[in-house]
Amino acid sequence: MLIIFGAVTYQLAVDNAVEKETRLLHHFVIKQASLLATQADPLKWGGWLRTTSPGNNEYVVLRAGEADQLQTSLSSLAKTITDSAEHKDLTKRIAAGEHSGQVEFAGNPYIWVAAAVGTGPYTLVTLHPLKDELFSPIKALGVRMTAAGVIIIWIAVWGALILSGLFMKRQEKYNADLVHQALHDELTGLPKRKLLYDRLQRAIYQAQRGKHCVALLIMDLDRFKEINDTLGHHCGDELLKQIGNRLNTALRKSDTIARLGGDEFAILAPEGDAEQAVQLANKVTQIMGPSHTIHEMEVSVQPSIGIAIYPEHGEDADMLMRHADVAMYQSKQQGGGISVYVPESDPHSLQRLTLISDLRHAVENESLMLYYQPEIDPSSGNVTGVEALARWNHPKMGLIRPDEFIQIAEKSGQIKALTELVIRQAFQQHHAWQRTGTSLKISINLSARNLHDMQLPAYIGQQLAVWNVPPGDICLEITESAMLIDPARARQNLTAFDEMGLLLAIDDFGTGYSSLAYLKQLPVSIIKIDKSFVMDMVQDENDASIVRATIDLAHNLGLRVVAEGVENRETLSALQSLGCDFLQGYYISKPVPPDELIRWLTNRQVTLGVATS
Amino acid sequence: MLAATIRKYRNAGVVDRIIRTIIGAVLIYFGFINPGYIGQGFLAVLVGIMGLINILVAISGICPVYTIAGIRTCRASDAQSSGA
């Protein structure tokens, strides 16, 4: 295609050039012929004069001003053409009235143009060699194409540069957006933890050089979870957004306000000592004071703020973040407000972290032990069951209190594994006892988070089958507050347990939000009165009344009652007289390892036997 | 004032400007001084204009295309320090 196009274009160019040349020559020849008519000496003019009448002398006049070479060739040509066939042909064509054309003499192409000289008998014929002229259009074309090419390439390069520049700018903007997205919180537009960390590190470097302090505040919203749960997540999000805005507008531009996730915010004051940090925290509390309007609802939240100062409370960013966090938890424990990190009150911060990883190992290696505290039936004195209590004998720190490591397990997400371990070990123990002919009801404590673990019923069912434990021998103890967090899910799980035939008990009854509605609705069969009421019931009439009322209430609802914390004989007798179903406490036995329990049981039977006989 | 502005936006380096001067001179020769070589008048004028643009860029040291494309053939410090 390209070749054909090229050939056609080339031919057109050549034709055009020849035509143009012929036209120019024609004008020239006509002008010359008219001049010649007035001149005496035709030899002054270039061309070839011939008479129109046949027989007359013909002679050739060379064109003036032509190159010597041309003159020579034309003069030799003049001699040869008179007799040539071409000459005859040309003469014939002129006689026929043609003005111009192409002719070849001695192998060379010529343009010929003829014009009558005046009214005389002469015709001026000019031959113009075509060869040079033939190639000139190609040359011209080449030059023009080169020029056009230069322009086109120039424009193309510029265009490409401009386009690439624009594209690059767009890409840069896109990348910048990505970086911004990676470092900023989507909801509030505040920096994320990563960016805060970076800025904190820089602030520390600057403080090192400038010998000043850096203040880091970590803030948590009190009751935010409640707002989220009761009003919905969109309200919670809206609240966070409003808080972010408030902080952003009210605080100095040099401070970094970051959202660490959830309802946790951090404020970094690159040049602030403890006093200024407390002022800043006060300001934040003030800012948060007025209630927020969310979807036409007035919501007010108060922050708990923890403060850590460089270099007093930590030499690096990690340490500062951790200590500010600890301070925040301290203030939360004190019921909100502001607290500056106090190293003395946090002797366990590092220890706690080690404990978390140690606990993980302990759960994995099953190095946690179960102790069992017996429960007796006061009327018969028989042991009716035991409560399984996890004990962790830390290789370095010794025995760790359950409330301590259970809290760690809950906070570090290990509670599920821990509970499953306890269930497994308890069932295994039950199985072992059963084989020796001892059948004891085992009570197992469930944490609040276990109640929301929808896979727990399936796990328990599977373990019951594995260890061949009758479901009626297992009692699951839950606290009232555990059910409050997500009652619907808790109830679903409790119903599942009940359907499996497991016993359910409410632990620490009376300390939480004791709701009688729960007692009625939930598939619970046992109530455990909290030891705080039982321990002092002999001295304290109020406690005695509560215990009495609880026992009556439970009995009226068809529930059985366990009294925890029986520490002396008087309490035991009092509970016995109140008709309490089961008793548990140090007076009877403290929690003991399984083998010791068996020894205790044997001894007891002996003493009981002695007593009864 | 103008000189300061020019310095501020300068983005063509010395070698760049020398090359542009040579190219510009050649293009102006073919565009305006000897347009017969190209033959086509419009083309010749275009070539000449391009030559002029090159000479202008060479004199000022500011290439608009470089500005858009974000290219700089001179050291950044040249422009900034002399611009300040």
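Residues numbered from 1 in each chain as written. Chains lettered and ligands numbered in written order. Predicted model: local features only at pLDDT ≥ 70, side-chain atom pairs only at ≥ 80, totals over all residues. Heavy atoms only, no water.

S.K.: Quick question: what am I supposed to make of the overall build of chain B here?
M.R.: Tallying secondary structure elements over chain B gives 5 helices and 0 strands in all. Listing each helix as α and each strand as β along chain B from the N terminus yields α-α-α-α-α. Relative to its full complement of 84 residues, chain B shows a buried share of 32%. If you take every contact in chain B between residues at least 6 apart in sequence, the share linking residues at least 24 apart comes to 68%. Of the roughly 4,900 Å² of accessible surface on chain B, a fraction of 72% belongs to carbon and sulfur atoms. (Helix = DSSP H or I, 4+ residues; strand = E, 2+ residues; numbered from the N terminus. Buried < 20%, exposed > 50% of the residue type's maximum accessible area, 1.4 Å probe, protein only. Contact = heavy atoms within 4.5 Å. Areas by Shrake-Rupley, 256 points an atom, 1.4 Å probe, with all protein chains shown as cover.)

S.K.: Honestly, the confidence of the model for chain A in this entry has me stumped. Any pointers?
M.R.: Close reading of the predicted structure is inappropriate where its pLDDT is low. Residues at a pLDDT of 70 or more form 82% of chain A, whose mean pLDDT is 80. Scored below 50 in pLDDT, residues 42-46 of chain A shows 20 contacts in the model against residues more than four places distant or in partner chains. (pLDDT = per-residue confidence, 0-100.)

S.K.: Help me out: how do you make sense of the sheet that holds strand β11 (residues 303-310) of chain A in this one?
M.R.: In a beta sheet, neighbouring strands pair by backbone hydrogen bonds and run either parallel or antiparallel. Residue and element names in this part refer to chain A. If you trace the 5 strands from one edge of the open sheet to the other, you get β7-β8-β6-β11-β12, paired in mixed fashion. With one partner strand each, in any of the chains shown, β7 (256-261) and β12 (337-340) form the two edges of the open sheet. The sheet shows a mean angle of 20° between the axes of neighbouring strands, taken without regard to direction. In terms of strand pairing, β11 meets β12 through 4 bridges, oriented parallel. Paired with I307 across the strands is V340, a residue of β12. Lying over the sheet, helix α8 (residues 274-288) contacts β6 (214-221), β8 (264-269), β11 and β12, oriented at roughly 160° with respect to β11. (Pairing = 2+ DSSP bridges. Axes fitted to C-alpha atoms, helices over the stretch in contact; angles between N-to-C directions.)

S.K.: Help me understand a nonpolar patch on the surface in this model?
M.R.: Residue and element names in this part refer to chain B. On the surface, V14, V15, I18, I19, I22, I23 and V26 cluster together into a nonpolar patch covering about 620 Å² of accessible area. Looking at where V14 falls in the secondary structure, it is placed in helix α2 (residues 14-33). A relative accessible area of 60% places V14 in the exposed class. (Patch = residues over 30% accessible without salt bridge, like charges linked within 9 Å, V, L, I, M, F, W, Y side chains within 5 Å. Salt bridge = Lys/Arg side-chain N within 4 Å of Asp/Glu carboxyl O.)

S.K.: Can you help me understand the interface of chain B and chain A in this one?
M.R.: For an interface, size is often stated in terms of accessible area lost upon the parts coming together. Between chain B and chain A, the contact holds 18 residues from the first and 15 residues from the second. Roughly 1,500 Å² is buried in total at the junction of chain B and chain A, and carbon and sulfur atoms are behind 81% of that figure. Considering only the side of chain B, the residues that lose the most area to chain A are M50, V65 and I68 of chain B, jointly responsible for 36% of the buried surface there. Run the count over chain B and chain A and you get 0 salt bridges. For the pair chain B and chain A, the interface holds 1 residue pair in polar contact (both at pLDDT 80 or more). (Buried area = accessible area lost by both parts, 1.4 Å probe. Polar contact = N/O pair within 3.5 Å; in protein donor to acceptor, adjacent residues only side chain to side chain.)

S.K.: Before we go on, may I ask you to explain the pattern of salt bridges in this structure?
M.R.: Once the charged atoms of two side chains with opposite charge are near each other, the side chains can pair. All names here are of chain A. Following the criterion strictly, the structure yields 13 salt bridges over all chains and no others. Note that K441 and E375 form a salt bridge whose closest N and O atoms lie 3.5 Å from each other. Note that K441 is positioned in strand β16 (residues 441-445) and E375 in strand β13 (residues 368-376), a separation of 66 residues in sequence. With relative accessibility at 12%, the residue K441 sits in the buried group. R548 is paired through a salt bridge with E541; the nearest N and O atoms lie 3.7 Å apart.

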